[in-house]
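Observations on chain architecture
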Amino acid sequence: MSEVTTIRVETADEYDVVIGREVLLDQLREALTEVDKVLVVHQPSLSTVADELKREIEVSGTQLFLAEIPDAEDAKRIEVAQFLWQIMGQADFTRTDVVVGLGGGAATDLAGFVAATWLRGVSVVQVPTTVLGMVDAAVGGKTGINTELGKNLVGAFHQPSLVIADLALTDTLDRKEILTGFAEVVKCGFIADERILELLESDLEATTNPGAPQFHEAVSRAIRVKAEIVAGDTREHGRREFLNYGHTLGHAIEHAERYQWRHGAAISIGMVFAAELGRLAGRLDDATVARHRRILSSLNLPLQYPANRWKTLRATMQRDKKTRGSMLRFIVLDGVGRPRVLEGPDQTMLFTAYQSLADEQE
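Residues numbered from 1 in each chain as written. Predicted model: local features only at pLDDT ≥ 70, side-chain atom pairs only at ≥ 80, totals over all residues. Heavy atoms only, no water.

1. Some words on empty space enclosed by the protein
Evaluated as defined, the whole model comprises three cavities of 30 Å³ or more. In this structure, the largest cavity occupies an estimated 90 Å³ of space. Residue assignment for the lining of the largest cavity shows that the elements contributing at least two residues are strand E8 (150–157) and helix H10 (247–256). Ranked by residue count, the leading element in the lining of the largest cavity is H10, at four residues. Taken together, the residues of the lining of the largest cavity sort by class into three nonpolar, five polar and four charged. Space inside the second largest cavity adds up to approximately 60 Å³. Forming the boundary of the second largest cavity are eleven residues, of which Gly246, His247, Thr248, Ala274 and Phe330 lie nearest the centre. When contributions to the lining of the second largest cavity are tallied by element, the ones reaching two or more residues are H10, helix H11 (263–280) and strand E11 (329–333). Partitioning the lining of the second largest cavity into residue classes produces five nonpolar, five polar and one charged. (1 Å grid on protein atoms, 1.4 Å probe; cavity = no way out; pocket = protein on both sides within 12 Å on 5 of 7 lines; lining within 4 Å. Points joined across faces, edges and corners; volume = space filled by probe spheres on them. Helix = DSSP H or I, 4+ residues; strand = E, 2+ residues; numbered from the N terminus. Nonpolar A, V, L, I, M, F, W, Y, C, P; charged D, E, K, R; others polar.)

2. Quick look at the layout of surface pockets
Considering only enclosed or pocket space, the second largest pocket measures out at about 310 Å³ in volume. Looking at the second largest pocket, it is lined by 14 residues, and the ones nearest its centre are Arg77, Asn146, Thr147, Glu148 and Tyr259. Elements with a contribution of two residues or more to the lining of the second largest pocket: helix H3 (78–90), strand E7 (142–147) and H10. Across the lining of the second largest pocket, the residue classes tally to three nonpolar, four polar and seven charged.

3. Describing the pairing of strand E6 (residues 123–128)
Sheet faces and side chains relate simply in a regular strand, where the side chains alternate between the two faces. With five of six residues buried, E6 lies mostly within the body of the structure. Alignment of strand E5 (residues 98–103) against E6, held across six bridges, turns out to be parallel. Across the sheet, residue Val99 finds its bridge partner in E6, namely Val124. Handedness of the crossover joining E5 and E6 through helix H4 (residues 105–117) is recorded here as right-handed. Two elements, E6 and strand E9 (residues 162–166), share two bridges in a ladder whose sense is parallel. Within the sheet, the bridge partner assigned to Val125 lies in E9 and is Leu162. (Buried < 20%, exposed > 50% of the residue type's maximum accessible area, 1.4 Å probe, protein only. Pairing = 2+ DSSP bridges. Right-handed = clockwise from strand over helix to strand, strands pointing away.)

4. Description of helix H14 (residues 347–355)
Buried within H14 we find Leu350, Ala353 and Tyr354. Projection of H14 onto a plane perpendicular to its axis shows the buried side chains occupying an angular sector of 100 degrees, all on one side. On the buried face of H14, the contacting elements are H10, H11, strand E10 (305–306), helix H13 (310–318), E11 and strand E13 (358–359). Here H14 starts with a cap whose side-chain oxygen sits 3.1 Å from the backbone nitrogen of Thr348, and that cap is Asp346. (Arc of directions from axis to C-beta. Contact = heavy atoms within 4.5 Å. Polar contact = N/O pair within 3.5 Å; in protein donor to acceptor, adjacent residues only side chain to side chain.)

5. A closer look at a nonpolar patch on the surface
Nonpolar side chains collect at one region of the surface, where Leu149, Leu153 and Val154 lie side by side and expose about 240 Å² of accessible area between them. Turning to its location among the elements, Leu149 is positioned in the loop between E7 and E8. Judged by its relative accessible area of 51%, Leu149 is exposed. (Patch = residues over 30% accessible without salt bridge, like charges linked within 9 Å, V, L, I, M, F, W, Y side chains within 5 Å. Areas by Shrake-Rupley, 256 points an atom, 1.4 Å probe, with all protein chains shown as cover. Salt bridge = Lys/Arg side-chain N within 4 Å of Asp/Glu carboxyl O.)

6. Some remarks on the side chain of Thr288
Here Thr288 lies in helix H12 (residues 286–298). Here Thr288 falls in the buried class, since its relative accessible area comes to 9%. Apart from residues lying up to four places away in sequence, Thr288 is in contact with Phe190 and Val336.

7. So, the environment of Met349
Residue position: Met349 is located in helix H14. Spatially, the C-alpha atom of Met349 lies 30 Å from that of Lys226, the residues being 123 residues apart in sequence. When neighbours within four sequence positions are excluded, Met349 is seen to be in contact with Leu277, Leu280, Ala281 and Leu342.

8. Looking at the packing of helix H6 (residues 175–191) against H11
Here H6 crosses H11 at 40 degrees, and the two axes come no closer than 6 Å. What the angle tells us is that H6 and H11 run oblique. In terms of crossing hand, the pair formed by H6 and H11 is left-handed. Judged by residue contacts, Thr180, Ala183, Glu184, Val186 and Lys187 of H6 engage His263, Gly264, Ala265, Ile267 and Met271 from H11. Broken down by class, the residue content of the contact of H6 with H11 amounts to five nonpolar, three polar and two charged. (Axes fitted to C-alpha atoms, helices over the stretch in contact; angles between N-to-C directions. Parallel < 35°, antiparallel > 145°, perpendicular 65-115°, else oblique. Left-handed = near helix turned anticlockwise from the far one by under 90°.)

9. What to know about the pattern of salt bridges
Throughout the structure, instances matching the rule amount to 28 salt bridges. The partner of Arg8 in a salt bridge is Glu14, with the nearest N and O atoms 3.2 Å apart. On the accessibility criterion, Glu14 (42% relative accessible area) is partly exposed. A salt bridge links Glu217 to Arg195, with the nearest nitrogen and oxygen atoms 3.1 Å apart. With Glu217 in helix H9 (residues 213–231) and Arg195 in helix H7 (residues 194–202), this pair connects stretches of sequence that are 22 residues apart. Each member of the salt-bridge network shares a partner with another, and the members are Asp193, Arg195, Glu217 and Arg221.

These results come straight from atomic positions and should not be treated as a statement about function.
Here is the structure:
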């Protein structure tokens, strides 16, 4: 049997993240013991998995409803949430029933939001099926949907009762999907666990291969970083902000691209920007800035964005959730594993940092 890692997330409502291969069915069956009704929210590509879960779980007498949602950020709309609420209402879901989020980060964000808002909170079990979902979206209790003004501006904090990270579910992902998901793994390396960076630098192929022990280690380490941070700051009043490294500009890029870009691609550029900003602020050395570019480039992640987009990105960042009043806040590094908040950098510094990654060809 392959290795199984269990990480306890010690929030007020404690829960486990179980990481391994072929662990989904046993873990889910145990979690749904004595549950009357379950809503499985899943993306189109996971219909076969969802159908199998329905067959296996309903043997025990639990009613399992399947709800297919759109792929990626198209799922995180109020109209889709309304569709799920309608299913739950028609099926008479009560506070003892359960929502399961099966899919990437968008699916788990939506499932968590629907669970948080139905009857002011029902249990949610998250089953992330992408690297991004496993190391970021499914852990920590952040849920949300998007609006025309920005990403995740409507949401709630609602901790899952269990997270099942079945690495076998990543076997069918295309290579680009895996590599872009690793942007969040790299983020955890820079803010807290240098061993993650060393794994990628020593053997990138093995570390990004779902069947390799290095993959298991890198994903587990990234999850542990998030678990330890959110345990002490469930609502982003302190250290949890460090998880937003690269996200202020990254979210603005996602908005500018109408959410057609993969999250990891946008966050990659955002981390390069944050590293440059840290250097300009006199916090980060040249070698660590170069290390950002080298590792992200090795994952075939983008490092540049069009020069003429700066004004649009600047306006979007001003509406970011991390802004306080009119003051922009960025997470920068004093070194690997030493994140800090940089408040209100002046416009010249921001513009100069952006010019270091601006692509003049577009």
